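# Per-entry structural report
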Amino acid sequence: MPAADPVRRGIATVCLSGTLEDKLDAAAAAGFDGVEIFENDLVVSPLSPDDIRRRCADLGLTIDLYQPFRDFEAVPPDVLASNLRRAERKFDLMQRLGADTVLVCSSVSPDAVDDDDLAAEQLHLLASRAAERGLRVAYEALAWGRFVNTYDHSWRIVRRADHPALGLCLDSFHVLSKGSDPAGIRVIPGSKVFFLQLADAPRLDMDVLQWSRHHRLFPGQGAFDLTGFVGHVLATGYDGPLSLEVFNDVFRQADPHRAAVDAMRSLLSLQEGLGLPGPPAAPELTGHAFTELAAGDCRGELADALTALGFARAGRHRSKPVELWQQGEARVVLNTADRGGRISALGLDSSDPEISVERAEKLLAPILPGDDSAVSAPDGTAVLFCRTGGEQADWLADFEPTGEAAGGAGLTGTDHVSLTQPFDHFDEAALFYRSALGLRPEPTTEFAAPFGLVRSRAVTDPAHRVRIELNVAALRRGDWAPGVPDPQHIAFTSDDAIASAKAMRAAGAPLLEIPANYYDDLDARLAPPPELLADLRAHSVLYDRDEHGEFLHFYTRVLGSRVFFEVVQRIGGYAGFGAANAPVRMAAHRRLRLARRD
Ligand SMILES: O=C(O)c1ccc(O)c(O)c1
Ligand SMILES: [Mg+2]
């Protein structure tokens, strides 16, 4: 980031996997300025507090917070005495660490009583003990605190305690999970906000402690309005770090270096939303230029299928074993140098490809070795920014036209690309596409598929010219699940799906058969007009409808091990992906795999 960047960025060690050393190394490598040291990470470490202090200094990290100190306030005198003794030992430790602020979270103890005056009096005492050593106390209302569980309540107590070494820790999760109005934060003087912790989360209707301890996400990955929240906090004059505190079961197991980069990307993207210095604005993405398949081991099968779908091999790469297949504006590139039968690259048209790459790089996307117009997405798919048909940098110029003409089956372009993500990188991928590419995430949906729940989230440009659908098994898949491993597909657009299906079937396309039960159920649920239902049934075309419009779509069989094609027709403003029909497709693919094995 430029030297003028005024924002300090921090991360709590609890966000990352591994030992304290692993966590500190990862935070520093990702460019964080500071850390919150989580008590358990220190207690299990063989490093002395002095070692930790030195190590952080060597890594260029400040220790911005020591946390948490629990169950302190509003207790009978004997408990208070023992709590103060506990606090003094932690103050000793903080002085050795060189950390000047301790987080005290609101009590969940059965010893505590519902008495704000007593809480304020005892926190005042704690703050004066801290002040004697040049330390400060940041009081945080846990959403499940026994008596104090909203930020406004914690602020009333801090105001009543009235000690310069006592302030608030505001944590976006506790405020937003309770549905509290964060605008009220604006009345708190910035000098009394000692610390700001940031976490996003999916909207879940569940016990708030469980929600917090297992499902927090980095900003931009969940459903909370973090930009609005931080805007209110900054309006108070708060000038401390933006620090992430994310308890998440997946991140706790993930490579900490990778998770720390994901975390940093979330803060850089948040800064942009706040109008703070950041990467160049995202150029408009204007369409799917092409989708590349690594086809070295299944070129024949893919070429036959594309031919039957009405594509022609329109070009041959001038220097690489790569073919361009085209129909209308739908383009598939078969790269026979690479194997795996997977989608290896997304070619996206950008109004300014150079700026698109520069932005993605600033948002920590790895530039692809050997191709400075491409970055690597979290699942390893290359994302190339291009300008189809432009005067400069037209990627099509790399292809020698073959003169082969498309038979044509009514396909006009690419509607979307669907990529199943590795379980551990789904949230990272959604944030990557949102931040680095400037796409917008749609709400997360879930559906029950034959081999388990599937979670799905699409990212699109505002005009829906680029759509990328990200899917993941909602739970880590067991060994049994025999569905297509990590399926991926390219969906092409047609103005008349039924006519396209007819033409493709006549040309011998390997289309997927849909069982009669589906059409009986469709009739019961949506009652399409009888002639339409008969056409859908006759051609194995699936159907969906919502308040915006209608959707007709059909699929090919799986080609190679995991890739297939879809044809879609959108009528009116239908913006979904026919999620209700996905289990039908999955079961049909499964049946074919079994048949192939026999
Ligand atoms: O889950 C907890 O106990 C916990 C601890 C410290 C925090 O800052 C917090 O937000 C939650
Ligand atoms: Mg917190």
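Before any of the text, the structure's been laid out above.
Residues numbered from 1 in each chain as written. Chains lettered and ligands numbered in written order. Predicted model: local features only at pLDDT ≥ 70, side-chain atom pairs only at ≥ 80, totals over all residues. Heavy atoms only, no water.

### Quick word on the coordination of the magnesium ion (ligand 2)
Here the magnesium ion (ligand 2) is held by E140 (OE), D171 (OD), Q197 (OE1) and E245 (OE), and the distances to it run 2.1 to 2.2 Å. Every donor counted, the six donor atoms about the magnesium ion (ligand 2) form angles of 78 to 175 degrees at the centre, which fits octahedral coordination. On the primary sequence, the residues serving as donors to the magnesium ion (ligand 2) are separated as E-x30-D-x25-Q-x47-E. Residue D171 is found in strand β6 (residues 166-171), and its partner E245 is found in the loop between β8 (242-244) and α10 (256-273); the two are separated by 74 residues along the sequence. Judged on exposure class, the residue D171 and its partner E245 are both buried. (Donors = N, O, S within 2.8 Å, 3.2 Å for Na, K, Ca; no water. Tetrahedral: all angles 85-135°; square planar, octahedral: opposite > 155°, others 65-115°. Helix = DSSP H or I, 4+ residues; strand = E, 2+ residues; numbered from the N terminus. Buried < 20%, exposed > 50% of the residue type's maximum accessible area, 1.4 Å probe, protein only.)

### What about the pattern of salt bridges?
Under the criterion given, the structure shown has 30 salt bridges. Here D25 makes a salt bridge to R55, at a shortest N to O gap of 3.9 Å. Linking D25 in helix α1 (residues 20-29) with R55 in helix α3 (residues 49-59), this pair joins segments that are 30 residues apart in sequence. Two residues, R525 and D521, come together in a salt bridge whose shortest N-O distance is 2.9 Å. (Salt bridge = Lys/Arg side-chain N within 4 Å of Asp/Glu carboxyl O.)

### What about the pairing of strand β12 (residues 330-335)?
Within β12, six of the six residues are buried, leaving the element largely enclosed by the surrounding structure. Alternating residues of β12 divide into A330, V332 and L334 and R331, V333 and N335, and every residue in both groups is buried. The pairing of strand β9 (residues 285-294) with β12 spans four bridges and is parallel. Within β12, the residue paired with T291 across the bridge is V332. Pairing of strand β11 (residues 322-327) with β12, which is carried by six bridges, proceeds in the antiparallel orientation. Each bridged residue has a counterpart across the sheet, and for Q327 the counterpart in β12 is A330. Linking β11 to β12, which pair antiparallel, is a turn of two residues; within it G328 sits at a positive phi near 55 degrees. (Pairing = 2+ DSSP bridges.)

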